[in-house]
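Report on the structure
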Amino acid sequence: MSDSWEPIIVGFTCNWCSYRAADMAGTARLKYPPNVRLIRLMCSGRLDPTFVLKALSSGADAVLITGCHPGECHYIEQNYKALRRTLLLRRTLEGLGYEKERVRLVWASAAEGVKLAREITEYVEEVRALGPLYTLKQPVNGESPAITPAAEEVAG
């Protein structure tokens, strides 16, 4: 791994709370690493688990899911659905031989821009310590896919 490697993190954010917290952080000029690419969803409960797996298989090193605090969801109890899905995704990743820490769920209300900026900064550092996520490389010019050294280790 080169010293210049930086993690790529995809962030799925709730429109009503955590996306607005990210907006508040930006408006307040709070600094957090630019490693997180935010995608706004109407609700964290609308996050399809395949979106997370697609992000990870397409080059993201980790996924951050953010939503309203439990009991404060604009769609009643959908953030509990996000919690259940996140726990299942983490268990699935572990079963595939990856670190469960590659998926994280954070609760942040619209007024918690400082908290969200801090959580993003901490998560980037944690993912940096984990290193790059190794996956199957895509075929090049019709050749069969190659397996990275770390994936070979996991495959046994």
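Residues numbered from 1 in each chain as written. Predicted model: local features only at pLDDT ≥ 70, side-chain atom pairs only at ≥ 80, totals over all residues. Heavy atoms only, no water.

With that settled, consider a nonpolar patch on the surface. On the surface, Tyr-80, Leu-83 and Leu-87 cluster together into a nonpolar patch covering about 240 Å² of accessible area. For Tyr-80, the position within the fold is in helix α3 (residues 78-95). The exposure class assigned to Tyr-80 is partly exposed, which follows from its relative accessible area of 33%. (Patch = residues over 30% accessible without salt bridge, like charges linked within 9 Å, V, L, I, M, F, W, Y side chains within 5 Å. Areas by Shrake-Rupley, 256 points an atom, 1.4 Å probe, with all protein chains shown as cover. Salt bridge = Lys/Arg side-chain N within 4 Å of Asp/Glu carboxyl O. Helix = DSSP H or I, 4+ residues; strand = E, 2+ residues; numbered from the N terminus. Buried < 20%, exposed > 50% of the residue type's maximum accessible area, 1.4 Å probe, protein only.)

If you look at the biggest cluster of nonpolar residues, it comprises 14 residues, and the most contacted ones within it are Phe-12, Leu-47, Val-52, Leu-56, Val-63, Ile-65 and Val-103. Residue assignment for this core shows that the elements contributing at least two residues are β1 (9-14), α2 (49-57), β3 (62-67) and α3. When residues of this core are assigned to their parent elements, the largest contribution, three residues, is made by α2. Non-local contacts of Leu-47, meaning those with residues more than four positions away in its chain, are made with Phe-12, Leu-41, Val-52, Ile-65 and Arg-85. One finds Ala-21, Val-36, Ala-62 and Leu-116 within the second-largest nonpolar core, a separate group that totals 13 residues. (Core = buried A, V, L, I, M, F, W, Y, C linked by side-chain atoms within 4.5 Å. Contact = heavy atoms within 4.5 Å.)

Remember, this is a structural readout, not a statement about activity or role.
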